[in-house]
Each structure stands twice: as structure tokens, then as C-alpha cells.
Amino acid sequence: MTKLETVIQPAKFDAVKDALIEIGVEGMTVTEVRGHGRQKGHTEFYRGREYTVDLLPKVKIEMVLPDHIVDRAVQAITTAARTGKIGDGKIFLARVDEAIRIRNDDRGENAL
Amino acid sequence: MSTGPHPPELPPSKVPIATPVPDLTLRNNYRQESQRIQHDFGAIGSGLASLSSRTRLVDTLALTLWEQHFTEVARGGCSLVALGGFGRSELFPYSDIDLLFLTEDNACGDRIKSAISSMCQTMWDCGLRVSPCVRTLADCGRFDQNNLEFTLSLLDCRFLCGDQPLFERLHARHLPQLIARESDALLQSLSEMTQSRHQRFGNTIFHLEPNLKDGPGGLRDCHVAQWIGMIVALSSGRHDLVSVRQNSAHGEMLDAMEFLCSSRCYLHYRHGRDDNSVTWAAQEELAARGIATGAGAVSPAEWMRIYFRHAKAVHRNSSQLLGQVSRERSSLYRSFQHWRSRVSNSEFSVVDGRVYFQQAADAREAAAVLRLFTFMAHHGVALSPEAERRLNDAHLRLAETLPQDQYLWQQLREILTLPHAANALRAMHSLNLLTRAVPEFETIDVLVLRDLYHRYTVDEHTFMAIEVLHGLKDEKYPSLQPFAQLVSELEHPELLFLALLLHDTGKGLEGADHVHGSLQLAASAVERMQLSEEDAATVCFLVANHLEISSTLRRRDIYDPTTIRELADKIGAPERLKLLTLLTLADIKAVNPEALTPWKAENLWRLYTRTAGYFDRSADVEGSDAKVSREVVEKVMELLPTQRSEVLKFLEGLPQRYLPSHSPEQVAQHFAMAGSLAAEPVQLGLRPNSGQHELTVVTGDHPGLFRTLAGILYAWGMDITKATAFSNRSGVVVDTFYFKDRFRTLELNPPECERFQRFVREILMREASLDRLLESRLKADHKPVKLSVQTHLRYDDECSSRSTLLEIVTQDRPGLLHTISATLTTEECSIEVALIDTEGPVAHDVFYITCDGHKLTAERMRAIEWALTAELADTLPSTW
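Values in this document were obtained by computation on a predicted structure and should not be read as measured data. (Residues numbered from 1 in each chain as written. Chains lettered and ligands numbered in written order. Predicted model: local features only at pLDDT ≥ 70, side-chain atom pairs only at ≥ 80, totals over all residues.)

Chemist: Give me the overall build of chain B: which residues, what numbers.
Modeler: Per the secondary structure count, chain B includes 38 helices and 15 strands. Dimensions of chain B, computed from the C-alpha atoms along their principal axes, are close to 105 × 85 × 50 Å. For chain B, the proportion of its 880 residues judged to be buried stands at 39%. (Helix = DSSP H or I, 4+ residues; strand = E, 2+ residues; numbered from the N terminus. Buried ≥ 20, exposed ≤ 12 C-beta atoms within 10 Å, placed from the backbone.)

Okay, here's the thing in C-alpha cells:
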């Protein structure tokens, strides 16, 4: 099992979600977050005065997937979320040792 | 999913919660039965049988759970109804199970809430994907524009258990009333929904890895056809309209349904979920197991051929039905069609954009039928279902009487040169009349080339190619506009179209070289049609040489005078050059939507003008190139009047092809860059160029420069299409790389251009290391190979006066150019020109190389061949 933590542009969330469902991803946890990557925010004007917006709104999607689907999920996310511009987001992958369904104590991939 | 109330329980740690016993038995029984059905499918391979067994199994499960969870009280005024695929008794192994809890009123719905959630939860735990809905009878009788799917799924409703009279009221009264009332809106929404679904698949059945359910020509289209039939039958007065059409399509559609069902069933078992895409690997398995073929194992290409036959039939039938109903109902379309009907004449009438025979008996006369196709090619109208039926009825007679000789050619030449020729040819082909008139075409009927590059079947590719040429006059892309002019200059366009019609017929014959087969078939066709000797020779010439220009583009440096001379000698006359250039353009563009890049089109045009220029001057290209070079030098002098001697010094020692292949401005820029080398030892120029980017590097001689640059571009995710390298006597190197920016990084992010150039400079100055970046790019691009390609190396020592040509055909893979150029550098060779082309999984790379400024010795060639073969075998990506 692998955990995918994906940060994307909020506008791309629907496309990413649909692409993930299309390839068979069954569950995900979504959070609205703020942050910045290499672009370090951008500059905006408010009443003629310049000020820096350094934390941009993003959407974070977390999901734990069986390993055989991970490559396809990464591909689906990158395809759906890519605009080609700086700020498209990132995907982080990490190994997960165990998953437990609280309701009936299913373990491992059964619990996903 | 909603959860029902559960007694609170505290499980001891590490011990699984005890699930209620009945559920466990139910789950096990269900699993065992499912396995048995899967096993039966594996043994017999009948999709339809397996769907109905599975429906029965889920029926039983639902009934048992109904008994368990619904008390007597709850059952009153409530019935359980199967919808959608479950309702049709076509339950695929991993399809959703649509359940409707139909209730008398809202109060009843509230009463059964908890029973529903515990029933559904048990079904979920069995591994079934249930989607339950609770509706009152009144709800079901209302049409919600935003939930068309629900009304459509009601069309397939089936009673499972509970209050039967309640269900009957829905089935016999409310549903027919709803359909009769809302049929227009329903058909309209259904047609829009289908259109947008088709749009997702590019409105074509031709995909390398098609989707059996949602793709055009897939199962969903069969359902759409069924629904239209039901809606039209249920709505008053329109009963006769579609039923005729439905009956004639029945056999064909049933066969297709059976094929699609068995294949989809296999895909579900194979993927372990509701995934209906026939992937490359799945195609091989389906073919090897002979799923749905009716004839045991076949080759994957043959399996796909069967698939496309069925998909074509489904797509044709369902689009006709949809077109018919949406036209009936759109007043705008009607007024437009009314205008169009003015094209009717004494033989044919046009109604709603469809053509009818004025005299029914004409459908039996070959001459009238050929005139019908000419009419279609002229006006771009489609066959009416009635005309199609008449032609089908008269097929035997037509097949015998259709001319194949001079008379056919008289009609065919007219059809071919009319603007909607492809349209008429497709109609002719779907009625099996094209293969009667031109039997040579039979070999490529729905023929599949399974190479991940040719997206269309060979017959469709042929029609597309004809369509491309006719479409040129309305072309928007600037790179294609000059070719439109060329079409209008043709003396005998019909010969070009005939050659296009026949150019790939050899692909259906045994043997590796299809050109030879096509030529034989073309020769027999033109002889039968009694073309004049001259015309016949032109058609045969075009078919025999239809790959000549593309192979020149791919393998030769078009700025090399020898290339132009050789090509001109082979072609012989300017008119033939025009014909062959257009044929090449149409042939490439009809391979897949991305095959003809602006870059390729521009190169084709450049090759055409250079060769045409050779014919015009009837002089040798070297002479004219020398003239061009002199002109360039003069213009550069004009740009830089005070630096004459410095410019001449810069040009000293640069190869002959440098001047003709660059504009005076470019030369002046290179000169200026060379002049600044003292201040900054790496000079870079980056600019967009016809959809690609051009990177020019001017620097002092630098071992392995080409290899390093290839590596840098690859590490940034760029696809190199061409590269040239020049150096002058004083050791200044001018390397130019043309590349495609795969991710549009440079185009969309202006600051990245600066970072990119800084990076190139740092690597070349050895201030940064390339290896780590290359490694991570390799990891990102690692994809298993679907189709293996044999590696071939070939030298050509004749085609250039200065360098040896090395042609490499191999499996495309990440960083290929970097691998090859690194090996060539190790073998002490310099790369003068590199031409890089990729067709699907196959990479065709051509290098003009020298060693110490001379051609390669035989010994060196062997050493390179040995090293490259080893290196290419080592870096081969894994197969799936």
C-alpha cells in the first residue's frame, strides 16, 4: 500500500477527482490548504499598494492505494492537474504498513 | 454509504469482530457461486450466459436479504425493483447494481430507511457495488432534466419482490404516461448525452485501446438504440418511424451485442473491476483465448478487426437512429434541411439531409446507383435508411451488374474528385459495393495494423487520406496552406485520388513489403479500368513510390544537394513531384491526428520547393546552392558592412551546407555570438520556431558537446527532432537543436527560459552535474514497452560527399539520443546532422557522422556498430 499526498490547484480538483474515480480509486480525503512551492506566492495590489501573497490556496488530496494502481493514479493526477504553468502542484508518495477498517476490523488492502 | 444502527460492541484487541453468522454464510455462498460463474465463463466463453447467471445469483441474494431485513410491516406499500443493467438481466461481474425501493408515499420511505441501509451494507460487504435509491410512485412519474439517467434506467425496470400491484402501477401506467408526455425532451437529452459521451472519445470508433462500454460503437450505443426504440414505441403516433429501421438492424446489432458482452465480461474478470478499456495486453489475451470470435484463437490484429466490424455496425445504426429522432424534432435543423432539399433532382430527392431514390426501381440499376454515389460526393448528403434498405435488397443483382471496367472509371473519377468523395466512398464501402467495383480494396477491409502508430484501420485510413486532400482548400493551418495551391495546379487530380485509393491495398497481402503488393494490385486495377497508358503509368508510379518522399524526409538531410538530386532523378518530372508530395502529405496526416506536425509539413514543403527548383533550373543543386551561399554572404555583409574580413574569417572552414540552411540574419547572429565568446565562453540563443524551439549554442570546441546538450534537453523533458553541428577553422562550434517542449514549460513560464539557459551554461562550464537530473528524468519516463521493436543499424557511404550516414531503427525509449550520441562520442566521431523521428514505439534516427573530418573507415564502422548494439540492448526498457 502507498499513501499519495497530492497538492493541486483548487480549480483542478473536480478533474482530478473524476480521473481518479475513472481508474478505480474508491476513497479519498480532501482538505483545503494554503501553501507555496518554488514560485513563492505572487504579488497583488490592494488600493494601489503592492503587497505579497505568499500562501496560495490549494487543495490537498490524501489517499492510500494498493500498489498496483499507484502508477496509474499518479498518471491520472498529473494528466488532469497539469496546466503546464508554475504552481500546478506536487505528489508525494510514502509506503504504508497497515490499514484497518474500524467498523469490522478488516485489515490491509481489504480495508481500503 | 449510509450505515445502519449497530449494537455497541467493544472488540477485544487483535481479535476480529464476530460478524453475524447468517451474513457470513451468505457472503461465502455468494462468493462460491460467483467463482462458479467465472469458471463457467472461462470454460464456455459465453458472455450472455454468464450475465444471466449472475443476474439470477444477485436476484437470489437480494430476495434473501429482503426476507431478512424487511418486516411484514415494512413490506406493505413498498417494492424492490431492479434498474439499469440489473433490470435488463445483463449484470456484468463488476457492474454497479441499481436498486429502486419503490414506495407508495414518503411516510413509507421513512419507515424502511434502516432496513434499506442494513440490506445495502450486507451487499457491500459481499463485495457488490450497490447504488440504492428510494422513490415514491409519484417521484417516478416526474421527469427531471438533470437526472436523465434515472428515467432511462426506469425503462429497464424489473420487479424483484414486495408489493407487486404497486410495481404494476409504475410499469403499466406511470412510466408509459411519463414517456409519452416527455418523449421529445427525453430524446433530446438522450441525444445530447450521447453526443457529449462520443465527444470524450473524439467522435471516432478508431482508438488503439478502445472502451467497450462508453466508446462510440460500444455497448452504451446499443442501449441507446434500444431506448430510442422503446421511447418511440411508447410515445404515441411515432410507432412506425423507427420500428422499420430497428428490424433491419436487428441481426447485425444482436451479433455485435453478443461480441461486446462476452468481451466486456472477460475484461471485468481480467481487471477485477468495472474497467472496460481493451488495453494492448488485453487485446492479446482476448485474441489468444478466442473470446467472442466464434472460431477459437486468432491473432490480436484479427481480433481487433472483428471488433471494428461490430463497432462500425453499432455506431452506424445508433447514429442513424439518433440523427433521425433529433432531426424530427429540431425546427432549426428542419429549416436548414429545407434549404438543402433544393439540391433534389429528377432522380434523387433530399429530405432532412438524406438522399432517396425518386424511382424505387433505380436501386436495382448499377448505373443509377453509381450516379447516386456521385450525387452524394457532390452534395455531402447521407443515405436515407430507405435507400440503404433498397440497396441492400438489390445487393445480389448489383454485385453482378456493377461495372468494373472503363465505365466504372468514368464514374469513379468523377466521384473521387468531388468535394465529399470520402463520404460517398464510405457509404459505398458499408454497402459492400466498393469491394465489388474495385475488388483490390477487399484485402484491406477493416484491416488493423497493430503497431501503436496507425490509429485507423487501413480502409478508413484510405478514406481519411482522400478527405485530407479535399479538405486542404479550407485549411486553417498556415503550414498546410501552400499545399492547397498545389492541389489546384494539378493537371489530373483524379489519378492522385485513384493512387490514394489503392496505395495501401498491398497491406492485406502476405509478405513484408506492402508497396510491391499494392503495385501489383494497382496495375491490375488500372488495366481493368482501361486507363490510358500514360495515366496507368502515373498511377502505378505513385503507388510504387508512395513512401519515397517520407523516407527521404526521415533519412536524408534535405539541405544536402545530393539528397535533392537523387530524389529528383527518381521522380523525373515536376508534375509527378507535385502528385507525390500531395500523396505523402495525405498519407502522413491520415495515420493519426498528431502524425503531421507543423514541423513535418514545413520540411515537406521545403523539400518540395528545393526539388521543384532543381527541375526549374534543370541545373545541379550544387550550382544553385553555391549561388544561394553567395547571396547569403552578400546579405550578411550588408548587415555588417564594417566587419567584412571578420565575417569571412568566421565563415572559413564551416561546411558547405551551413550557408544554404541558414538565413542571413541567423548567420549574422552566430557571428555576433562568436565575437562575444571572449567575454562569455558559452553563447546561447533560444527562440520559438514553427511550434518548436530552436536552441543555438556557440562555443569553443568542446569534447562531447553534442552528447551533453542532448542530455540536458532530455533532462528538461524536451523531445529533440533535429540537430545540426558545425565548426569553423578556428574551432568555433555552432550547434543547433530543434526540440518540442513536451510540457510547454518554456512557453507558459517565461522565467523558466532564463533558468533553462542558466542551467545549460552551468553544465557546459562544468559548474553543475547532469547525471542526477538525468537519473530522475529516466525514472519519471520509465514506462513498460507494449510492442518490441528490433534494432537495425545501417550505413550509407554514398549519399553524402563528406560524411557517412548511420541509420538506426530501434525501440523508442527515454534518453535514446543521449545514449547514442554518448556512444558515438566515445568512438571519437563527430555528429554533423542528426534527424530524429518517432512513429509510435519506433524511433528512426539518422546521423551524418565524420571521424577527423572524413568519412568513416570500414574498421570504425564495425567498432561503432558493435558498441551501439551492445549499448542499445543494455538500455532496453522492460516489457509488461
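Chemist: So, the overall build of chain A: which residues are in play, and what are the values?
Modeler: Within chain A one finds two helices and six strands. Going from the N terminus to the C terminus, chain A shows its helices and strands as β-α-β-β-β-β-α-β. Taken over 112 residues, chain A has a buried fraction of 14%. Considering only contacts within chain A whose residues lie at least 6 apart along the sequence, 73% involve residues at least 24 apart. (Contact = placed C-beta atoms within 7 Å.)

Chemist: Describe the sheet that holds strand E8 (residues 682-689) of chain B, and please don't skip the residues or the numbers.
Modeler: All names here are of chain B. Taken together, eight strands build an open sheet; the order of strands is E8-E9-E11-E10-E14-E15-E13-E12 and the sheet is antiparallel. Each edge of the open sheet is held by one strand with a lone partner, namely E8 and strand E12 (792-796). Here the strands of the sheet are splayed against their neighbours by 15° on average, with no regard to which way each runs. Here E8 runs beside strand E9 (residues 692-700); their pairing, made up of eight bridges, is antiparallel. By the bridge assignment, valine 682 is partnered in E9 with threonine 699. Strand contacts of helix H32 (residues 664-675): E8, E9 and strand E11 (732-741), with the helix running at about 40° to E9, the strand carrying the most contacts. (Pairing = 2+ DSSP bridges. Axes fitted to C-alpha atoms, helices over the stretch in contact; angles between N-to-C directions.)

Chemist: Account for the domain arrangement of chain B, with residues named and values stated.
Modeler: Domain boundaries assigned for chain B yield domain 1 (21-180), domain 2 (334-423), domain 3 (438-560 + 571-590) and domain 4 (676-874). With centres defined by C-alpha atoms, the gap from domain 1 of chain B to domain 4 of chain B works out at 62 Å. (Domains from an automatic or database assignment.)

Chemist: Outline the sheet that holds strand E5 (residues 348-351) of chain B, supporting the account with residue identities and numerical values.
Modeler: All names here are of chain B. An order of E5-E6-E7 is seen for the three strands of this open sheet, with the pairing classed as mixed. Each end of this open sheet is capped by a strand with a single partner; those strands are E5 and strand E7 (382-383). Note that E5 and strand E6 (residues 354-357) share four bridges and pair antiparallel. Across the sheet, the residue bridging to serine 349 is tyrosine 356, located in E6.

Chemist: Describe the confidence of the model for chain A, listing the residues and the values that go with them.
Modeler: Residues at a pLDDT of 70 or more form 86% of chain A, whose mean pLDDT is 87. The element-level mean pLDDT for chain A is lowest in strand E3 (residues 42-46) of chain A, coming to 59, with strand E1 (residues 2-8) of chain A highest at 96. (pLDDT = per-residue confidence, 0-100.)

Chemist: So what about the nonpolar core? Which residues, and what values?
Modeler: Residues and elements named next belong to chain B. With 168 residues, the main nonpolar core has Ile228, Phe373, Ala421, Ile466, Ala499 and Val539 as its most contacted residues. Here the element with the most residues in this core is helix H13 (residues 300-329); it accounts for ten residues. Apart from the residues lying within four places of it in its own chain, the contact partners of phenylalanine 373 are Ile415, Ala424, Ala427 and Met428. Counting 55 residues, the second-largest nonpolar core is a separate cluster that includes Phe671, Ala674, Leu816 and Val846. (Core = buried A, V, L, I, M, F, W, Y, C linked by C-beta atoms within 7 Å.)

Chemist: With reference to specific residues and values, describe the packing of helix H22 (residues 481-489) of chain B against helix H28 (residues 574-589) of chain B.
Modeler: To characterise two packed helices, one gives the angle between the axes of the helices and the distance between these axes. Residue and element names in this part refer to chain B. Look at H22 against H28: their axes get within 10 Å of each other, and the N-to-C directions meet at 130°. In terms of orientation, H22 lies oblique with respect to H28. In the crossing of H22 with H28, the sense of the turn from one axis to the other is left-handed. When H22 is examined against H28, the residues Phe483, Leu486, Val487 and Glu489 are found in contact with a partner set consisting of Lys578, Thr581, Leu582 and Leu585. (Parallel < 35°, antiparallel > 145°, perpendicular 65-115°, else oblique. Left-handed = near helix turned anticlockwise from the far one by under 90°.)

Chemist: Provide a residue-level description of the pairing of strand E15 (residues 842-850) of chain B, including the pertinent values.
Modeler: Residue and element names in this part refer to chain B. Strand direction decides the pairing type here: strand E13 (residues 804-811) and E15, joined by eight bridges, are antiparallel. Looking at E15, one finds that leucine 806 is bridged to phenylalanine 847. Bridge count for strand E14 (residues 830-839) against E15 is nine bridges, and the pairing is antiparallel. Within E15, the position partnered with valine 833 by the bridge is tyrosine 848. Linkage of E14 to E15, two consecutive antiparallel strands, is achieved through a turn of two residues, within which glycine 840 is found at a positive phi near 60°.

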